[in-house]
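Structure assessment
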Amino acid sequence: LHAVAGAAIGPLSPAMLLAAIAAVVVYSAARESAEEAAGLQALHLIAALFAAWPLDALLTHGLVRATAQFVTLSAFHIALVRTVALCGLAVLLAFAGSRLQRAALVRAAYTLTAFAAAKLFFEDLRHGRLDFAAGSIFLVALALITIPRFASVKKRAA
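Turning to the side chain of Ser98, a few remarks are in order. Tracing the chain through its elements places Ser98 in helix H4 (residues 75-100). Within the local environment of Ser98, its side chain forms a polar contact with the backbone oxygen of Phe95, the two atoms lying 2.8 Å apart.

Attention now moves to the packing of aromatic side chains. The full count for this structure, using the stated rule, is three aromatic pairs. Note on Phe76 and Phe132: the rings are 4.8 Å apart at their centroids and 50° apart in plane angle, and the pair reads as tilted. One end of the pair, Phe76, is in helix H4; the other, Phe132, is in helix H6 (residues 130-157), and 56 residues separate them in sequence. The same class applies to Phe76 and to Phe132, which are both buried. Their ring planes at 70° and their centres at 5.2 Å tell us that Phe95 and Phe150 sit as a pair that is edge-to-face. Of the two residues, Phe95 is situated in helix H4 and Phe150 in helix H6; the sequence distance between them amounts to 55 residues. Positioned above the aromatic ring of Phe76 is the side chain of Arg129, whose terminal nitrogen or guanidinium carbon lies 4.4 Å from the ring centre.

Rules used throughout
- Residues numbered from 1 in each chain as written.
- Predicted model: local features only at pLDDT ≥ 70, side-chain atom pairs only at ≥ 80, totals over all residues.
- Heavy atoms only, no water.
- Helix = DSSP H or I, 4+ residues; strand = E, 2+ residues; numbered from the N terminus.
- Polar contact = N/O pair within 3.5 Å; in protein donor to acceptor, adjacent residues only side chain to side chain.
- Phe/Tyr/Trp six-rings, centres within 6.5 Å; stacked < 30°, edge-to-face > 60°.
- Buried < 20%, exposed > 50% of the residue type's maximum accessible area, 1.4 Å probe, protein only.
- Lys NZ or Arg CZ within 6 Å of the ring centre and 35° of its normal.

Next up, the structure:
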């Protein structure tokens, strides 16, 4: 939680790796079909989000550590890196969902993008660096353009 939305990025713990691996394994073991009931679709979406959340935390952690090698990190740097991680993972989930015929991954991609858009107001704009906030807005807009294109590829292929 601190890696994705906290004030600072803490050290990487083995529990983060274990949570990410376990969540992905549990989600990938589940079967889903296009004709299932709304309740099952909601459960698959929740499972996909639980699988995506630790992956986003690991991606954010890695990107922050890599960025720290080149610049002295400030709050606006971390906010932009979090947006990069959220939007990048959302696009990756949409791509994987369209290729693997898993609608819950595409829905999770939209949910992560909505979280990134909300993060713009609560984190990026609050730190006062408009150039970095503009970069975050651009990334969210790019994700909102790319994700429906991957979803439509799935519909055309089906």
